[in-house]
Amino acid sequence: MSNNTEAIPVLKEKIATSTRILVRERLIGPFGHPSARIPGTDLVAVLGHTHDDVKDLAETEPSDVVVMDLEGEVVEGSMDAPGERFMHTEIYRARPDVGAVIHAHPMHCIAFSMTDVPLAPVWHLCTLFADGVPVHKSAVQIDNTERGRAVAAALADRKGILLKGHGLTVVGSTIEEATVSAVNLERSARLQIMAQGIGSVEAIDRSELTDELLTDGLTLEEYTHTQWDYWAVELAR
Ligand SMILES: [Zn+2]
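Criteria and thresholds
Residues numbered from 1 in each chain as written. Predicted model: local features only at pLDDT ≥ 70, side-chain atom pairs only at ≥ 80, totals over all residues. Heavy atoms only, no water. Helix = DSSP H or I, 4+ residues; strand = E, 2+ residues; numbered from the N terminus. Rg over C-alpha atoms; globule rule 2.2 N^0.38 Å. Buried < 20%, exposed > 50% of the residue type's maximum accessible area, 1.4 Å probe, protein only. Contact = heavy atoms within 4.5 Å. Areas by Shrake-Rupley, 256 points an atom, 1.4 Å probe, with all protein chains shown as cover. Lys, Arg positive; Asp, Glu negative; His and termini not counted. Charge placed at Lys NZ, Arg CZ, Asp CG, Glu CD. Donors = N, O, S within 2.8 Å, 3.2 Å for Na, K, Ca; no water. Tetrahedral: all angles 85-135°; square planar, octahedral: opposite > 155°, others 65-115°. Axes fitted to C-alpha atoms, helices over the stretch in contact; angles between N-to-C directions. Parallel < 35°, antiparallel > 145°, perpendicular 65-115°, else oblique. Left-handed = near helix turned anticlockwise from the far one by under 90°. Nonpolar A, V, L, I, M, F, W, Y, C, P; charged D, E, K, R; others polar. Salt bridge = Lys/Arg side-chain N within 4 Å of Asp/Glu carboxyl O. Core = buried A, V, L, I, M, F, W, Y, C linked by side-chain atoms within 4.5 Å. 1 Å grid on protein atoms, 1.4 Å probe; cavity = no way out; pocket = protein on both sides within 12 Å on 5 of 7 lines; lining within 4 Å. Points joined across faces, edges and corners; volume = space filled by probe spheres on them.

Engineer: Before we go on, may I ask you to explain the overall build of the protein chain in this structure?
Structural biologist: Within the protein chain one finds 6 helices and 8 strands. Element order for the protein chain, N to C, with α for helix and β for strand: α-β-β-β-β-α-β-α-β-α-β-β-α-α. In terms of C-alpha radius of gyration, the protein chain reaches 17 Å, essentially the compact-globule figure of 18 Å for 237 residues. In terms of its C-alpha atoms, the protein chain occupies a principal-axis envelope of roughly 50 × 35 × 35 Å. Here the protein chain, with 237 residues, has 51% of them falling under the buried criterion. Expressed as a percentage of contacts within the protein chain between residues at least 6 apart in sequence, the contacts between residues at least 24 apart total 69%. With the model as given, the accessible surface of the protein chain reaches about 11200 Å², and the carbon-plus-sulfur share is 51%. Here the protein chain holds 20 positive side-chain charges and 36 negative ones, and the gap between their average locations is 4 Å.

So this is what it looks like as structure tokens:
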């Protein structure tokens, strides 16, 4: 298996951008971390364990990203991997289709994790989760392999999972897709809470969704890159 070293700097840059977007959207900080599989390898680029330096994650740079193997051992970088790295490693082991994982702690999604009300496909930019968002019924830190496996098993073939009283984990084929999806899941949770305060909520009808679970007329490329590119421009302001 190659190390695919040429892909690593590109992914480090994208993970730094993802981190800055997730901070701005109040999904992470000080806890939470995006990661991406280095294509064709069993290696993962992940935001390092930055807590010791009390670093502002809004200023995350590619040098804050480390490379780890699927045992969670850092093979490149000057920091440890995050404590909850096993959620990432065990999802990559279980899901060959997954190229990126976001773990975050946004308030509106956490509110749903405390209830028996499911997150529903109510917003046209958040129908990728129309197959449902399961809830992992534990709030503990996912700081060992066994706990990582339990989250991966509960996630199964879905695109996202809530961790009860703790946070969310969202997967995607790319870091751009996973980042956009995680932000939109939190925005949709907020919208659903607002709508439930007004009255009964009706989800978007499945017949209006494509096979990719996007609203008809929207492609995955458009969904992902229109938002990622726009948010990256906003960060530069
Ligand atoms: Zn966490």
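Engineer: Teacher, can you tell me more about the coordination of the zinc ion here?
Structural biologist: Each angle at a metal carrying four tetrahedral donors should ideally be 109.5 degrees, and each at a metal carrying six octahedral donors should ideally be 90 or 180 degrees. The zinc ion binds to the protein through Glu 84 (OE), His 103 (NE2), His 105 (NE2) and His 166 (NE2); the donor distances cover 2.1 to 2.2 Å. Each of the 4 donor atoms around the zinc ion contributes to a set of angles spanning 89 to 142°, which defines the coordination as irregular. Along the chain, the residues donating to the zinc ion fall in the pattern E-x18-H-x1-H-x60-H. Of this pair, Glu 84 sits in the loop between β4 (74–76) and α2 (85–94) while His 103 sits in strand β5 (residues 100–104), and the two are 19 residues apart along the sequence. Judged by its relative accessible area of 4%, Glu 84 falls in the buried class. For His 103, a relative accessible area of 0% translates into the label buried.

Engineer: Hey, could you run me through the packing of α2 against helix α4 (residues 145–155) in this one?
Structural biologist: A packed helix pair is summarised by two numbers, namely the angle formed by the two axes and the spacing between the axes. For the pair α2 and α4, interaxial distance at closest approach is 8 Å and the crossing angle is 50°. When the axes of α2 and α4 are compared, the pair comes out oblique. Considering the relative orientation of α2 and α4, their crossing is right-handed. Counted together, Phe 86, Met 87, Glu 90, Ile 91 and Ala 94 of α2 and Thr 145, Gly 148, Arg 149, Val 151, Ala 152 and Leu 155 of α4 form the full contact between these two elements. For the contact of α2 with α4, a count of residues per class yields 7 nonpolar, 2 polar and 2 charged.

Engineer: When you look at the side chain of Ser 18 in this model, what are you seeing that I'm missing?
Structural biologist: Tracing the sequence through the fold places Ser 18 in helix α1 (residues 7–24). For Ser 18, a relative accessible area of 0% puts it in the buried group. Excluding residues that lie within four positions of it along the chain, Ser 18 makes contacts with Pro 34, Ile 102, Ile 175, Thr 179 and Trp 228.

Engineer: Explain the pattern of salt bridges to me, please; I cannot follow it from the model alone.
Structural biologist: Close approach of charged atoms allows side chains with opposite charge to pair. For the structure on display, the rule yields 13 salt bridges. Salt-bridge contacts for Arg 93 lead to Glu 71; the nearest nitrogen and oxygen are separated by 3.3 Å. Of this pair, Arg 93 sits in helix α2 while Glu 71 sits in the loop between β3 (65–69) and β4, and the two are 22 residues apart along the sequence. Under the relative-accessibility criterion, Arg 93 is labelled partly exposed at 38%. Between Arg 158 and Asp 157 there is a salt bridge, with its nearest N and O atoms 3.6 Å apart. For Asp 157, a relative accessible area of 60% corresponds to the exposed category.

Engineer: Help me out: how do you make sense of the nonpolar core in this one?
Structural biologist: What tends to happen in soluble globular proteins is that the nonpolar side chains get buried as a cluster. Counting residues in each nonpolar core, the largest one holds 48 residues, and the members touching the most others are Leu 119 and Leu 185. Elements supplying a minimum of two residues to this core: α1, β2 (43–47), β3, β5, α3 (107–113), β8 (167–172), α5 (175–198) and α6 (220–236). In contact with Leu 119, not counting residues within four places along its chain, are Cys 109, Phe 112, Val 133, Leu 162, Leu 185, Ala 189 and Gln 192.

Engineer: What is the right way to look at empty space enclosed by the protein in this model?
Structural biologist: Take a probe with the size of a water molecule and roll it over the atoms, and the empty space left behind shows itself. Using the criterion set out here, one finds 1 cavity of 30 Å³ or more in the structure. Estimated volume of the largest cavity: approximately 50 Å³. In terms of lining residues, the largest cavity is bounded by Leu 119, Ala 120, Pro 121, Cys 126, Phe 129, Val 133, Leu 185, Ser 188 and Ala 189. Considered class by class, the residues forming the lining of the largest cavity number 8 nonpolar, 1 polar and no charged.

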